[in-house]
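# Descriptive analysis of the structure
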Amino acid sequence: MMLPRLALRAIHTTTRVAGGQEFYWGPAKAAGRELVGYGANGDNIYQDRLDYWYPAIRFRKEDGVITPIRAKEQADWKNLSAEEKKLLYRYSFRQTLSEFEAPTGYWKVIGAVILSVLGLCTYYAVLLNVYVYPELPPTFQNEYKEAQVERALVLEKGQFLGAPTKYDYENQKWK
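Since the model is a prediction, treat every value here as computed from it, not as a measurement. (Residues numbered from 1 in each chain as written. Predicted model: local features only at pLDDT ≥ 70, side-chain atom pairs only at ≥ 80, totals over all residues. Heavy atoms only, no water.)

## Points about the overall build of the protein
Our working definition: Numbered from the N terminus, helices here are DSSP runs of H or I no shorter than four residues, and strands are runs of E no shorter than two. Residue exposure (1.4 Å probe, protein chains only): buried if accessible area is under 20% of the type maximum, exposed if over 50%, otherwise partly exposed. Note on contacts: a residue pair is in contact if any heavy atoms of the two residues lie within 4.5 Å. Surface accessibility follows the Shrake-Rupley procedure with a 1.4 Å probe radius. Residue values consider only the protein chains on display as shielding.
In terms of helices and strands, the protein carries six helices and six strands. Overall, the protein shows an N-to-C arrangement of helices and strands of α-β-β-β-β-α-α-α-α-α-β-β. Out of the 175 residues in the protein, the part that is buried amounts to 15%. When contacts within the protein are restricted to residue pairs at least 6 apart in sequence, those whose partners lie at least 24 apart make up 30%. Put simply, the protein shows about 14,400 Å² of open surface, and 60% of that area lies on carbon and sulfur atoms.

This is how it looks when you write it as structure tokens:
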């Protein structure tokens, strides 16, 4: 049986800040990782997003490597080496903004799929034209069309509107 959302809220913790305000932050740990904020939509998940760069939980779980550095982090940051600062960053975030925005080359896969589909469609159309569809009737040939126009001109001779007015009957050509 699923607990209703309000009952689940009672399980989560709340924090009091100066001024007596309460903020709902969910559990202190989510999947073994420290909860550091609200996130994009309030869920305790890690997401790299370009529009909201602050995930709700840290990227990596706490372990023996980062625990002493986290304690050192509480003091002056000038005492931290560049490597320790990078390690702190990598435990909080999966990648930097420049890594996130870097091209992946996935456009090549999409292009290959699109060109493959277009090639298969062209092959299918040629296959249908060669083996399935019957030959065009003789009415589509140019000689038949010309004969049809001549016949219409003969039948409509003497009319003063339309195509017969633009045909020279004595020289047998268009004016």
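Right, picking up where we left off after that structure.
## Let's talk about the packing of aromatic side chains
Quick note on the threshold: Two aromatic rings from Phe, Tyr or Trp, using only the six-membered ring of Trp, form a pair when their centres are within 6.5 Å; if the ring planes differ by under 30 degrees the pair is stacked, by over 60 it is edge-to-face, and anything between is tilted.
For the structure shown, the criterion picks out four aromatic pairs. Measuring from centroid to centroid gives 5.9 Å for Y52 and Y54, while their planes differ by 85°, and the two rings are edge-to-face. You can call Y54 exposed: its relative accessible area is 56%. A centroid spacing of 4.9 Å and a plane angle of 35° characterise the contact between Y89 and F93, whose relative ring orientation is tilted.

## Thoughts on the side chain of R33
Rule in force here: Charge counting treats Lys and Arg as positive and Asp and Glu as negative, with His and both chain ends excluded. For salt bridges, the criterion is a side-chain nitrogen of Lys or Arg within 4 Å of an Asp or Glu carboxyl oxygen. Under this definition, polar contacts are N or O atom pairs within 3.5 Å; protein pairs additionally need one hydrogen-donor-capable and one acceptor-capable atom, and for neighbouring residues in sequence, both atoms have to be side-chain atoms.
Relative to the elements of secondary structure, R33 occurs in strand β4 (residues 33–34). Buried within the structure, R33 lacks any salt-bridge partner; D48 is the closest side chain of opposite charge, at an N-O distance of 9.6 Å. A distance of 3.5 Å separates a polar side-chain atom of R33 from the backbone oxygen of R58. Within the structure, R33 has its side chain in polar contact with the backbone oxygen of F59 (distance 2.7 Å).

## Quick notes on the pattern of salt bridges
This model, assessed by the stated rule, comprises seven salt bridges. The partner of R94 in a salt bridge is D48, with the nearest N and O atoms 4.0 Å apart. Here R94 is found in the loop between α3 (82–92) and α4 (97–101), whereas its partner D48 is found in the loop between β4 and α2 (67–73), with 46 residues between them in sequence. Residue R94 is classed as partly exposed on the basis of its relative accessible area of 46%. One salt bridge in this structure joins D51 and R49, with 2.6 Å as the shortest N-O distance. Salt bridges linked by common partners bring E62, R70 and E73 together as one network.

## Looking at the confidence of the model for the protein
This is how the line gets drawn: The predictor rates its confidence in each residue with pLDDT, a number between 0 and 100.
Per-residue confidence for the protein averages 81 on the pLDDT scale, and 82% of its residues sit at or above 70. Ranking the helices and strands of the protein by mean pLDDT puts helix α5 (residues 106–132) first, with 97, and helix α1 (residues 5–11) last, with 42. Long-range and interchain partners of residues 1–13, a stretch whose pLDDT sits below 50, account for eleven contacts in this model, where long-range means more than four residues apart.

## A closer look at a nonpolar patch on the surface
Note the cut-off: To count toward a patch, a residue needs a relative accessible area over 30% and no salt bridge; like charges are then connected within 9 Å, while nonpolar side chains (Val, Leu, Ile, Met, Phe, Trp, Tyr) are connected within 5 Å.
There is a patch of nonpolar side chains on the surface, built from Y106, V109, I110, V113, I114, L115, V117 and L118 and spanning about 770 Å² of accessible area. Secondary-structure assignment places V117 in helix α5.

## Quick notes on the environment of G32
With respect to the helices and strands, G32 occurs in the loop between β3 (29–30) and β4. Along the sequence, G32 and E62 sit 30 residues apart, while their C-alpha atoms lie 7.4 Å from each other.

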